[in-house]
Amino acid sequence: MGYTLLLDFDGVMLSNSKLNDMISSNCNRFFSKKTGLPLHEASAINRTYYKKYGHTLNLLNKRMLKDTNVFIDEFNESVYDADTLRSIKYNLEPKDILEFQDWKRTISQLDADHVIVYSNAPSTWLHECLNALGNASRSCILFDEVVSVPETNGGLFKPSHEVYDSIESTLSSQKIMFIDDSIDNLPIHRPSWTNVLYGTDVYSPDYISVETPSELLFKMKQTRPHRKLAQLLR
């Protein structure tokens, strides 16, 4: 079939409200510390604008801080600290295991040339989560790569055009299926990309939307699939 599958992680392969709240809380405290704003004000600004800027770090460096920059290593060490990493396995829920198993079944049937986790989160978080999910489900998914976007792109995040140019240039497959839970991250104007918005059920001519991994398989097997899926499957 000749395509590469790029999978976002948080919100796609793992949607855990306790862990999400923990990361958000750490992020807001970091934002408050760096800006000097009260925590409630910092939290409101970060929640409102971070998706527009792609990441809290971009919001800090491009809008909030004028005389200094915050670097990715400092952010990750504070937000994804040792206590947070240790807590992953204790906060997994049965639905997380079921969704992980559903992804395993789905990926095995998608027949992609390469399967890559492609996330703005740090690699330590991605590997700890994948290990915890694998141990809890007594199974694993064999990815070709687990990519932390900013770690491999000099601190740039999705949806930077440079990031997508870079991944295109390194892949042998000309076609890409990209699954993300943020519509802002979908590069809908790239003709070789088939974009999938995960976690919702809305129609768009520019991308496919699915609420579960199994639904993606179902839509790919339809007699008359979405035009973007038809383009991928040619």
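Conventions and cut-offs
- Residues numbered from 1 in each chain as written.
- Predicted model: local features only at pLDDT ≥ 70, side-chain atom pairs only at ≥ 80, totals over all residues.
- Heavy atoms only, no water.
- Helix = DSSP H or I, 4+ residues; strand = E, 2+ residues; numbered from the N terminus.
- Buried < 20%, exposed > 50% of the residue type's maximum accessible area, 1.4 Å probe, protein only.
- Polar contact = N/O pair within 3.5 Å; in protein donor to acceptor, adjacent residues only side chain to side chain.
- Phe/Tyr/Trp six-rings, centres within 6.5 Å; stacked < 30°, edge-to-face > 60°.
- Contact = heavy atoms within 4.5 Å.
- Core = buried A, V, L, I, M, F, W, Y, C linked by side-chain atoms within 4.5 Å.

**Student:** Please clarify how unusual backbone geometry should be interpreted in this entry.
**Tutor:** Trans peptide bonds make up the majority, and among non-glycine residues the majority have a negative phi. Going from lysine 158 to proline 159, the amide bond is cis rather than trans, its omega being 10°. By the element assignment, proline 159 lies in the loop between helix H8 (149–152) and helix H9 (161–170). A positive phi angle is found at aspartate 111, which is not glycine, with a value near 60°. Mapped onto the elements, aspartate 111 comes out in the loop between helix H6 (94–110) and strand E2 (114–119). Given the relative accessible area of 48%, aspartate 111 is considered partly exposed.

**Student:** So what exactly am I meant to see when it comes to the environment of asparagine 91 here?
**Tutor:** As for its placement among the helices and strands, asparagine 91 is situated in helix H5 (residues 82–91). Each C-alpha atom, one on asparagine 91 and one on asparagine 16, is 8.0 Å from the other, the two residues being 75 residues apart in sequence. For asparagine 91, the side chain forms a polar contact with the main-chain oxygen of serine 87, separated by 2.9 Å.

**Student:** Sorry if this is basic, but what is going on with the packing of aromatic side chains here?
**Tutor:** Tallied over the entire structure, the rule returns seven aromatic pairs. Between tyrosine 118 and phenylalanine 178, the aromatic rings sit 6.3 Å apart at their centres with planes inclined by 85°, giving edge-to-face as the arrangement. Placement of the pair is tyrosine 118 in strand E2 and phenylalanine 178 in strand E4 (residues 175–180), with a sequence separation of 60 residues. Between tyrosine 164 and tryptophan 193 the ring centres are 5.2 Å apart and the planes differ by 70°, which places this aromatic pair in the edge-to-face class. Placement of the pair is tyrosine 164 in helix H9 and tryptophan 193 in strand E5 (residues 193–198), with a sequence separation of 29 residues. Clustering of aromatic rings is evident, with ring pairs tying together Tyr118, Tyr164, Phe178 and Trp193.

**Student:** Mind showing me how you'd approach the side chain of asparagine 91 here?
**Tutor:** On the basis of relative accessible area, asparagine 91 is assigned to the buried category, the value being 15%. Among all residues touching asparagine 91, those that are not within four sequence positions of it are Asn16, Lys18, Leu19, Met22 and Asp96.

**Student:** Honestly, the nonpolar core in this entry has me stumped. Any pointers?
**Tutor:** The tendency in soluble globular proteins is for nonpolar side chains to be buried as a group. Membership of the largest hydrophobic core comes to 54 residues, with the highest contact counts inside it found for Leu7, Phe9, Met13, Trp125, Met177 and Ile179. Examining the composition of this core, we find that six residues originate from one element, helix H7 (residues 123–137), more than from any other. Setting aside anything within four residues of it in sequence, one finds phenylalanine 9 in contact with Leu14, Val117, Ser119, Trp125, Leu126, Cys129, Leu130 and Leu133.

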